[in-house]
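# What the coordinates show
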Amino acid sequence: GLADRLQETFKKLRGHGKLTEDDVKSAMKEVRMALLEADVNFKVVKDFVKRVTERAIGQDVMEALTPAQVVIKIVNEELTELMGGSQSKINMSSQPPTIIMMAGLQGAGKTTSAGKLGLALKKQGKRPVLVAADIYRPAAVTQLQVIGKQLNIPVFSMEPGTDAVTIAKSSLNYAFTHANDVVIIDTAGRLHINEELMQELKDIKREVKPHEILLVVDAMTGQDAVNVAESFNKDLELTGLVLTKMDGDSRGGAALSVKAVTGCPIKFVGMGEKLEPLQPFHPDRMASRILGMGDVLSLIEKAQDAFDAKEAEALSKKLRKDEFTLDDFLSQMKQVRKLGSFEQIIGMIPGLGSQVKDALKDKDIDLNGKEMRRIEAIILSMTPKERANTKLINGSRRKRIAMGSGTRVQDVNKLLKQFEEMQKMMKRMKKMQGGKKGGFGGL
Ligand code: GDP
Ligand code: MG
């Protein structure tokens, strides 16, 4: 799927420092392919890739992220933006009833979604009424009545032969007299868009002036859904979309393209045939679902929380002045321990990242969670003076520290050796970067 393709792509992003044009371009080539294969509109893909590329090229890889994470972050933000930024809601009228008209092709899920929307609003304390304005299919009225009964929501209908506009208009009187503050009008669909259908919908719109015109589209139909949305929007000026059958294995194309093509936000998603409350659409959640990287994204968020710029700056200064002590080591470690494995963490330390990781690998240093807890215990068993100057720590002190931390002298020796290696490496890196303004990693 799309998620797998993208993850493969991001795995290939290597290196550190700045993201080079080549890095970004080859990654974007793959992203482009993946999106096209997911049936995202061609023009949308083109614009999307352009925006991500512009943002990613030359971006400093700092603030505790790896190059892949930086690109993932940008892709995620742009995907979210593509689908509408922040989440949309129903526009409630200050003068009830709020009138909502459902439109769409036959089988898109209008009737089902009308019921689900009614249920969602009912749960918010509203008193909705469902209006059976699909007069063409004989079973349509019955279908809505069955749904209404199941959800305990009233259904307004009129005798056979009444036209849809009259039904819609009359339903407003019903709402007034029954104190219904939301009117949800279920309309007729056709297999394809035709003039007759559009005219009827335009007539209903003109007569009842809905506050919301929601187009219901089937996500499984991909680009067709987008084309349908485009033409409905031209004629009706939609206020939002309901994307149904998101529980099926749609390739994501409709969700990704429809807002960009029509300018209409997706307001809700249908996630099954069962009559559950219609779910609000969250572009950010959908983006991370499409990326299939919920874990990575939350790690990125946490990493950013954990390292505010000031702290990074302070640490960087210490590194520059050779004042990086075991205390700093410990406080860094504590700060990031909640994030995950040491490998991930070291990759997030500003300006260090893969150089340190590689070097530590050579030294066969394994720093998993258990090891980290041991290290923490050892450092805490040292006196402040010892932590500031490891040269003080002679044989008898090592014995004392081992006893205090419930470890062995070998463990203390090992930690001190690791710390020494790290200091050496930092010195080496400092020399490598010497003269360059800002010191480590562009800080
Ligand atoms: P309408 O012709 O637009 O009113 O569509 P219906 O509401 O009658 O739905 C058509 C079919 O799609 C029905 O069998 C529904 O149960 C099914 N359906 C509607 N919404 C969803 C959804 O979100 N997921 C799934 N899997 N099926 C849905
Ligand atoms: Mg229907």
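Residues numbered from 1 in each chain as written. Chains lettered and ligands numbered in written order. Predicted model: local features only at pLDDT ≥ 70, side-chain atom pairs only at ≥ 80, totals over all residues.

Right, let's get into the overall build of the protein. Scanning the protein for helices and strands turns up 20 helices and eight strands. Every one of the 443 residues in the protein was classed for burial, and the buried ones make up 41%. Considering only contacts within the protein whose residues lie at least 6 apart along the sequence, 77% involve residues at least 24 apart. (Helix = DSSP H or I, 4+ residues; strand = E, 2+ residues; numbered from the N terminus. Buried ≥ 20, exposed ≤ 12 C-beta atoms within 10 Å, placed from the backbone. Contact = placed C-beta atoms within 7 Å.)

Looking now at the sheet that holds strand β6 (residues 240–244). On the basis of which strands lie adjacent, the open sheet formed by eight strands has the order β3-β2-β4-β1-β5-β6-β7-β8 and mixed pairing. With one partner strand each, in any of the chains shown, β3 (155–156) and β8 (279–280) form the two edges of the open sheet. Across the face of the sheet, helix α5 (residues 110–123) comes into contact with β1 (98–103), β2 (128–133), β4 (182–187), β5 (212–218), β6 and β7 (266–269) while running at roughly 170 degrees to β4. Docked against the sheet, helix α8 (residues 195–208) engages β1, β2, β4 and β5, running at close to 175 degrees with respect to β1. (Pairing = 2+ DSSP bridges. Axes fitted to C-alpha atoms, helices over the stretch in contact; angles between N-to-C directions.)

A few words now on the site of ligand 1. Taken together, 18 residues lie near ligand 1, and Gly109, Lys110, Thr111, Thr112 and Gly270 sit nearest. Ranked by residues supplied to the shell around ligand 1, first place goes to α5 with three residues. Split into classes, the residues belonging to the shell around ligand 1 amount to three nonpolar, 11 polar and four charged. (Near = placed C-beta within 6 Å. Nonpolar A, V, L, I, M, F, W, Y, C, P; charged D, E, K, R; others polar.)

Taken N-terminus to C-terminus, the directions of helix α2 (residues 21–37) and helix α3 (residues 42–56) make an angle of 155 degrees; their axes are 10 Å apart at the nearest point. With respect to their mutual orientation, α2 and α3 come out roughly antiparallel. The hand of the α2/α3 crossing is right-handed. Of the residues in α3, those touching α2 at Val24, Lys25, Met28, Val31, Arg32, Leu35 and Leu36 are Phe42, Val45, Phe48, Val49, Val52, Thr53 and Ala56. Partitioning the contact of α2 with α3 into residue classes produces 11 nonpolar, one polar and two charged. (Parallel < 35°, antiparallel > 145°, perpendicular 65-115°, else oblique. Left-handed = near helix turned anticlockwise from the far one by under 90°.)

This part takes up unusual backbone geometry. Note the cis peptide between Pro96 and Pro97, where omega equals 5 degrees. A positive phi angle, near 45 degrees, is found at Lys209, a position not held by glycine. Checked against the element boundaries, Lys209 lands in the loop between α8 and β5. The exposure class assigned to Lys209 is exposed, which follows from the 11 C-beta atoms found within 10 Å.

As for its placement among the helices and strands, Met286 is situated in helix α11 (residues 283–291). Overall, Met286 belongs to the buried group, with 23 C-beta atoms counted inside 10 Å. Excluding anything up to four places from it in sequence, Met286 contacts Met83, Ala255 and Phe281.

Moving on, we get to the UniProt feature "domain: SRP54-type proteins GTP-binding" (unreviewed entry) in the protein. Residues given the UniProt feature "domain: SRP54-type proteins GTP-binding" (unreviewed entry) here are residues 265–278. What you have in residues 265–278 is 0% helix and 29% strand, and the ends, taken at the C-alpha atoms, are 16 Å apart. (UniProt positions renumbered as here; feature names shortened; annotations may be inferred.)

Let us look at the pairing of β7. Bridge analysis of β6 against β7 gives three bridges, and the strand direction is parallel. If you follow Val242 over to β7, its bridge partner there is Phe268. Pairing of β7 with β8, which is carried by two bridges, proceeds in the antiparallel orientation. Across the sheet, Val269 pairs through a bridge with Gln279, a residue of β8.

Let's shift gears to helix α10 (residues 253–262). Helical geometry note: an α-helix holds 3.6 residues per turn, so side chains three or four residues apart project in the same direction. In terms of burial, α10 is a largely internal element, eight of the 10 residues being buried. Buried within α10 are the following residues: Gly253, Ala254, Ala255, Leu256, Ser257, Val258, Lys259 and Thr262. Following α10 by one or two positions, Gly263 has its phi on the positive side, about 80 degrees.

Between α5 and helix α6 (residues 140–151), the least distance of the axes is 10 Å, while the angle of their chain directions is 25 degrees. With respect to each other, α5 and α6 are oriented roughly parallel. The chirality of how α5 crosses α6 is right-handed. For the pair formed by α5 and α6, the contact residues are Thr111, Gly115, Gly118 and Leu119 on the first element and Ala140, Gln143, Leu144, Ile147 and Leu151 on the second. The residue makeup of the contact of α5 with α6, split by class, is five nonpolar, four polar and no charged.

The subject of this paragraph is the pairing of β6. The element β6 is extensively covered by neighbouring structure, given that five of its five residues are classed as buried. Along β6, one buried face is formed by Gly240, Val242 and Thr244 and the opposite face, lined by Leu241 and Leu243, is buried too. Pairing of β5 with β6, which is carried by five bridges, proceeds in the parallel orientation. Across the sheet, residue Val217 finds its bridge partner in β6, namely Leu243. Handedness of the crossover joining β5 and β6 through helix α9 (residues 223–236) is recorded here as right-handed. (Right-handed = clockwise from strand over helix to strand, strands pointing away.)

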